[in-house]
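Chain and residue survey
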Amino acid sequence: MAKTEGQNWINHLRIKWISFYLAGTIAISLSIAMVSTVIPFKLFKLSPWFFVPTFLVVLAILLLIKPIWKITIFDISRYLNNSYPELEESTDLLLKDPEELSMLQALQRDKVENILATIAPPRAPIKKLYTGLAILLTGLAISFAVIKMPQFKDTLPAALKNEGSTPIIKENIPVEIADFRLTIIPPAYTGNAARKQKQFSIKVETGAKIIWKVETNVAIKTLRISYNDKETIALKPIGKDGKLWTYAKTIDRSGFYQLELDGKKSDLYQITAIPDLPVTIKITQPKQHTTIDIGQPQKIDIKVALTDDYGINDASISVTMASGKGEGISFTEKKLSFDARFNNQKNISLSKSIDLKSLGMKPGDELYFFIKAMDNHVQSSRSAVYFVSIVDTAELMSMVGMTNGVNLVPEYFRSQRQLIIDTEKLLKEQSTLAPEVFKTRSNELGVDQKLLRLRYGQFLGEESETEIGGDHDDHDEHTDAKGEEAKFGDVTAIMDKYAHKHDIAEDATFFEPALKAQLKVVLTEMWNSELRLRTYKPQAALPYEYKALRLLKDLQQKSRAYVAKTTVKTASLKPEKRLSGDLDKIAQPTQKKSFEQKDQRVAHLKESLALLDRRKMGKKFTIEDQLLLSEAEKYIIEAAADHPGTYLNALTSLRRLSTGSKLNSDAIDLVQKAILKLLRPELPKPQLQHTLPAASLYRNYFNNLNKAGK
Amino acid sequence: MELKYIALLACLLLLIFLLYKEIKRANTARIFSRILASIIAVSCFYFLLVPLQYQSHLERKINEIILLTEGVNPDTIAQLKGEKYVLASANSNSKAKPIPDLVYFLKSRPEITKLNIYGYGLTDEELKFIKGYEISFHPSAKPTGVIAASWPTTLQTSELLHVQGTYQNANDKPIKLLLQGFGNPIDSLLIEANANKSFFFKDRPKQSGQASYQLIALQNKDTLAKETVPFQVVERTPMKVLILASFPDFEYKFLKKWLYENQYPLAFKSQISKNKYATDFLNMERFSLEQINASSLNKFDLLIIDEEELAAISPNERASISSAVDHGMGLLISISNQKPLTTLSARFPRYESPIAKDRQLSLTWIDDKFRFNKLPLEQTLFLKANANDQPLVADASGKILVNSTIKGYGKVVISTVSATYNWLLSGKTTAYATYWSGLLVKTARKQNAIQKVNIMPQFPVLHQKTRIIADLAESGKVPTLKVDDMKLSPRQNMELPFQWDAIYWPQNVGWANLSINQKVESFYIYQKTDWQALKNQHILQSNLQFIKNSKALSEKNTSTSIVIAKAISKWWFFIGFLLATGFLWYESRILNA
């Protein structure tokens, strides 16, 4: 039957309908499957592959509910009849064989066909598709949110889990064990979730609880765990058939353990305990020693970075202020907290601005502070102590320390002090003075500052155009040297003729280099102050003046040697009476001691080293050798209990060596390496050298030589 | 041989039968061709069974042979023409005729006058017998490997093991030489391609008893050679020390403690007041130290004394010290003044040299350039070295601080370093131990060994003749020599009555115990393949030397001919057989049809 145009149209619509519906359904089921897998994935760490079966199941359910492939062209025509009145309920005619139609029916059919060409395609399937896509989008958004949202909380344990999980080590598991599982419950402070492993080697956080669950394939009577070869604990059977065993233990330190199934011992398994480290504190600001000069804001900004392996619980600043001087120093302690919340973060950067004035600090006081931090395992740590001091201007101005000693150059210091006083006075009177006068006085002060600077410059050997005494302009000596003709080729002589040579000014002073360096800093400060004074900014000059004064004071203190005034009179010695006491009754002490090496450890280890080397050559162990090896084994067990990672393999190899008869060079190497590590490096000890035997011949020869020489 | 005759007989019978058939045949056309073809076929068949050989006359030098020895290159063998012989000792799988014993072979072939030797050459034993022969030596390429090596086979506890030698690298690639002990790498050295390099490794072994280290040559990851370095560590002989101090001092206190804890017998006497002495006897029996005399000094290997005390004791005591030194005792004098107080200490001239302040004293051991940690001392007193002196310790600028000289049998050492205990205080135990052991070893009396054993060759090998040479302290009696449980018969040296030797053929690889008059010494028996490069190099050298020395007259070579049997390929006979039988078949089937 040739299909008419109308039938084609309807067929086409059906296919479109079905495919759009199908796409929509797939989108919906995708979305449902996604949301329903992402939640268990997040919560229970299910494999993301669960998505595929879920999706198929949901799709099947949806398709069963609405079997879209069952839509026939008749359904379509019914739908068309319902939704398009202009078709006049006659779409069915299109589906019938045109040859069977009556005349009237054929006419109506042609009409409907014409109408069909004009009507818009139905929007229902498109709508279905759009809804499907919309649901898919929502589903995507939801699952994305589910994955992302708890990540803020989860980052910490997730990262730790990677660290904490033990690397896969190949283990020898006793054949009797059918299955086993270790549940590790880390201590609460780590925030780590409990985990399971199918491996006997354990790497856990200190304080973690471990539950062993061992299932054997045959019923056994006893199952023991021996821990560090010292403690032996019998496991409890679950059930009566003796196949399921369990045991729990809290791990506080590294070590190793061994299973014993009805007396049959397993390999040694390693236990590594990862300790919780205290918070590390890094102070990035301020410097360890800070001095606040006059004019600088009296506050400090503290910037700290804290890091911990599990979480930081608390941090605070301990501040101690010292005020007063001499014997009257008083200390005040305070605890300042950071304005931050501690949410067991691993890293946190903190900052705090401390206003020294509000703490009650006066000039001359000192502040010591350190940061104290605590992690979530209540381990506290503290930083180094930092110092902040405020310069006391009053102290600088005081004459203490200058009045009671020899004062060689007092006027210079007084001058700097005087300059400060004058500047302050000028500033005070500024409002009452005419601007012209103010400027002149400021300039005069600047000139004074300059003079002072030049005077100090003299100490450094500076001489310049502006020297107080004027420039030296009489360099007659260069012209005087006419009488002596420079020798031909004498370069230095020629250079002397033209060069202006003095002593090297830098070295011509009495000061040490360190002192000179500080003096130079003083001069710079003075220069800065002079600049401000001469540009009529006395207020700005004041800090520099103070700083210069402070440095000068330091200098003055440095160059002073203090000698206490004492009037000690010692009794004069009488040499004839020295060492003339009666010593008859004084006994002469004699002592006799013998050093006994009680600990045979080193000797045993050294001997077993050679013994193992002999084994490498193929010699079998004798009974004494076995005894010696068991001694060595003791020491290795001790070491392995503390450092299982280093010594456990050696211990296993040693046990295999002492029992097995097969020669295994690698195992011997391993044990020897462990013993070498146990032995400290050998220190040189003096020993007698040997000469050749038959010395009597040589001695005769020597004696004869001696005789011949005489 | 038998096959040959059986085949001949069978073929003759076959031929007779065939000829009979041919003659009897009715058709006589081409009878001669057929008879000829039959004869050819049968004779070819015979030669198929028995290959035809003919005598070839080869020109050859009769009185000259080629002798292949160890290390000869297979490519060289292929190029050589002439009669080739190979020594049985050389494991070569060439086609050359093996000679089980060269001496016997040469005796049985007296016409041979010239030997062309290829490879590394002949052993010393064999070289002795080929004197008089004309020899042309074609040495192989230099062996790659350790060509010289030496180390002490017996160490005392805490002594350094020095392994030194030369590695010859004839390869085009660099080689890493590694010393390994107990599976641990100790030291390594890179040897460039085509270079000879001497190596020097040292280690302080930790074991007590016998052990063997390995010297491994590595090229990238490939192990080229792994040589055994066996040695044994024996208990040290402690030296007996006497310390006489004019006043108690930290230096003495720490030295006393260090010696005491290391279990050295030590007597310490220090003046604590006028004529009052404190005396300590550590790790030894108490005896009278009131007077220092020859008998009390005889108990000690070493006397440590300061110059003040040496000046303060009586002249008699000084004289006995001097004579004890003449008889071998060591004397260590510590001085602090520029002016010498006694004649014994005046043997070394001293001078003062001002030193910059805040300078720390950095000492160097002159022998091995060992640099000690710095000492916070301002040293101004130094020593000058005479021609017969051996300076021991100097500072960074080379000024001598500790000097030594020989006096009689003994040694006198003078030290100006006064406060070495600072090393102990600052935890530099190694520096302290190195300094004092060095000083004490240099000073102390040398003990006469009871015996000294030399083994020839340097590396005794399994099933090879080994000569044991023993020097004994007493020469009167015949010593009993035993290796493991086998008694050897010693032979006295005719010139040196204290020297005895014996021949031994080692039976087992590994340590063997040699007991001489109940005193046991160990020596190591190597595998035949151990230290191969070294042995090859030795053989090569001695052969070259031998060639250089031998002045054998080169006789004129006479050429005679020699007969060599050569076989003709069987294929020719097969073709002949095929053609002949083919003709017979063709003739009967086609030409007659």
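Structure report, in brief. (Residues numbered from 1 in each chain as written. Chains lettered and ligands numbered in written order. Predicted model: local features only at pLDDT ≥ 70, side-chain atom pairs only at ≥ 80, totals over all residues. Heavy atoms only, no water.)

**Some remarks on empty space enclosed by the protein**
All names here are of chain B. Going by this rule: Using protein atoms alone on a 1 Å grid, points that fit a 1.4 Å probe yet trap it form a cavity, whereas open point sets bounded by protein on both sides within 12 Å along at least five of seven lines form a pocket; residues with an atom within 4 Å of a point count as lining. Grid points are joined across faces, edges and corners, and a volume is the space filled by probe spheres set on the points. Any residue outside Ala, Val, Leu, Ile, Met, Phe, Trp, Tyr, Cys, Pro, Asp, Glu, Lys and Arg is labelled polar, Gly included; the first ten of those are nonpolar and the last four are charged.
Considering all chains together, one arrives at two cavities of 30 Å³ or more under this definition. Roughly 40 Å³ of volume is contained in the second largest cavity. Lining the second largest cavity, in full, are Leu 472, Glu 474, Lys 477, Val 478, Pro 479 and Asn 517. Looking at the lining of the second largest cavity, its residues break down into three nonpolar, one polar and two charged.

**Observations concerning the packing of helix 15 (residues 601-616) of chain A against helix 18 (residues 665-678) of chain A**
Residue and element names in this part refer to chain A. Counted only if it meets this: In this analysis an axis means a line fitted to C-alpha atoms, helices contributing only their contacting stretch, and an angle means the value between N-to-C directions, from 0 to 180 degrees. Here a helix means four or more residues in a row that DSSP labels H or I, a strand means two or more in a row labelled E, and each is numbered from the N terminus. In what follows, roughly perpendicular refers to angles from 65 to 115 degrees, roughly parallel to angles under 35, roughly antiparallel to angles over 145, and oblique to any angle outside these ranges. Should the near helix be turned anticlockwise from the far one by less than a right angle, the crossing is termed left-handed; should it be turned clockwise, right-handed. Every residue pair with non-hydrogen atoms within 4.5 Å of one another is taken to be in contact.
One way to put it is that helix 15 packs onto helix 18 with a least axis distance of 10 Å and a crossing angle of 160 degrees. What the angle tells us is that helix 15 and helix 18 run roughly antiparallel. The crossing of helix 15 and helix 18 is left-handed. Judged by residue contacts, Arg 601, Leu 605, Ser 608, Leu 609, Leu 612, Asp 613, Arg 615 and Lys 616 of helix 15 engage Ser 665, Ile 668, Asp 669, Val 671, Gln 672, Ile 675, Leu 676 and Leu 678 from helix 18. For the contact of helix 15 with helix 18, the class distribution of residues is eight nonpolar, three polar and five charged.

**Notes on the packing of helix 1 (residues 5-44) of chain A against helix 6 (residues 124-148) of chain A**
Residue and element names in this part refer to chain A. At a minimum axis distance of 8 Å, the contact between helix 1 and helix 6 shows a crossing angle of 15 degrees. Between helix 1 and helix 6, the angle falls in the class roughly parallel. As helix 1 runs across helix 6, the sense of the crossing is left-handed. In terms of residue class, the contact of helix 1 with helix 6 is made up of 22 nonpolar, five polar and two charged.

**Some words on the environment of Asn 343 of chain A**
Residues and elements named next belong to chain A. Selection criterion: A 1.4 Å probe rolled over the protein chains alone gives each residue an accessible area, and that area as a share of the maximum for its type sets the label: buried under 20%, exposed over 50%, partly exposed in between.
Turning to its location among the elements, Asn 343 is positioned in the loop between strand 14 (330-337) and strand 15 (345-355). Given a relative accessible area of 48%, Asn 343 falls into the partly exposed group. Separated by 32 residues in sequence, Asn 343 and Gly 311 have C-alpha atoms that sit 7.6 Å apart.

**Some remarks on the layout of surface pockets**
Each pocket or cavity is described by its volume, and for the second largest pocket that value is around 1,500 Å³. The wall of the second largest pocket is formed by 44 residues, among which Thr 153, Thr 154, Leu 155, Lys 452 and Glu 521 of chain B lie closest to the centre. Sorting the residues of the lining of the second largest pocket by element identifies strand 20 (690-691) of chain A together with strand 8 (154-156), strand 14 (222-234), strand 27 (447-448), strand 28 (451-456), strand 34 (510-516) and strand 35 (519-525) of chain B as the ones contributing at least two each. It is strand 35 of chain B that provides the largest number of residues to the lining of the second largest pocket, a total of six residues. When grouped by side-chain class, the residues that make up the lining of the second largest pocket number 20 nonpolar, 18 polar and six charged.

**Comments concerning the interface of chain B and chain A**
Inclusion rule: Buried area adds together the accessible area that both of two parts lose upon being put together, with accessible area traced by a 1.4 Å probe. Salt bridges are counted wherever a side-chain nitrogen of Lys or Arg sits within 4 Å of a carboxyl oxygen of Asp or Glu. Contacts described as polar in this section are N or O atom pairs within 3.5 Å, which, within protein, must combine one atom able to donate a hydrogen with one able to accept it, while residues neighboring in sequence count only if both atoms come from side chains.
Opposite the 67 residues of chain B that make contact, chain A presents 46 residues. Both sides of the chain B and chain A interface together cover about 5,500 Å² of buried area, and 57% of this is carbon and sulfur. For the interface between chain B and chain A, the tally reads one salt bridge. Notably, a salt bridge pairs Glu 285 of chain B with Lys 592 of chain A, separated by 4.0 Å at the nearest N-O pair. Across the chain B-chain A interface, the total number found is 21 residue pairs in polar contact (both at pLDDT 80 or more). The set of elements that each furnish at least two residues to the side of chain B that touches chain A consists of strand 13 (209-219), helix 6 (250-261), strand 16 (266-273), strand 17 (276-282), helix 11 (429-443), strand 27, strand 28 and strand 29 (466-472) of chain B. Here the residues of the side of chain B that touches chain A are counted per class, giving 25 nonpolar, 27 polar and 15 charged.

**A word on the nonpolar core**
Note the threshold: We call a set of buried Ala, Val, Leu, Ile, Met, Phe, Trp, Tyr and Cys residues a nonpolar core when their side-chain atoms join them within 4.5 Å.
Ranked by internal contacts, the top residues of the largest apolar core, which has 57 residues, are Trp 151, Leu 215 and Trp 531 of chain B. Per-element accounting of this core gives the leading share, nine residues, to helix 16 (residues 623-642) of chain A. With near-sequence residues (within four places) excluded, Trp 531 of chain B lies in contact with Val 146, Ala 149, Trp 151, Leu 215, Glu 227, Thr 228, Val 229, Phe 459 and Tyr 526 of chain B.

**Notes on the sheet that holds strand 31 (residues 486-488) of chain B**
Residues and elements named next belong to chain B. Here is the rule we go by: At least two DSSP bridges between two strands are needed for those strands to be called paired.
Strand order in this open sheet of four strands is 31-30-34-35, and the pairing throughout is antiparallel. Of all strands in the sheet, those bounded by a partner on one side alone are strand 31 and strand 35. For this sheet the average axis-to-axis angle between neighbouring strands, irrespective of direction, equals 30 degrees. Alignment of strand 34 against strand 35, held across seven bridges, turns out to be antiparallel. From the neighbouring strand, Gly 510 faces strand 35, where its bridge partner is Ile 525.

**Some points on the pattern of salt bridges**
Residues and elements named next belong to chain B. Under the defined criterion, the tally for this structure stands at 32 salt bridges over all chains. Lys 256 is the salt-bridge partner of Asp 280, the closest N and O atoms lying 2.7 Å from each other. A residue pair is termed long-range when its members are at least 10 positions apart, and Asp 280 in strand 17 and Lys 256 in helix 6 qualify at 24 residues. Summarising the burial analysis for this pair, Asp 280 and Lys 256 share the class buried.

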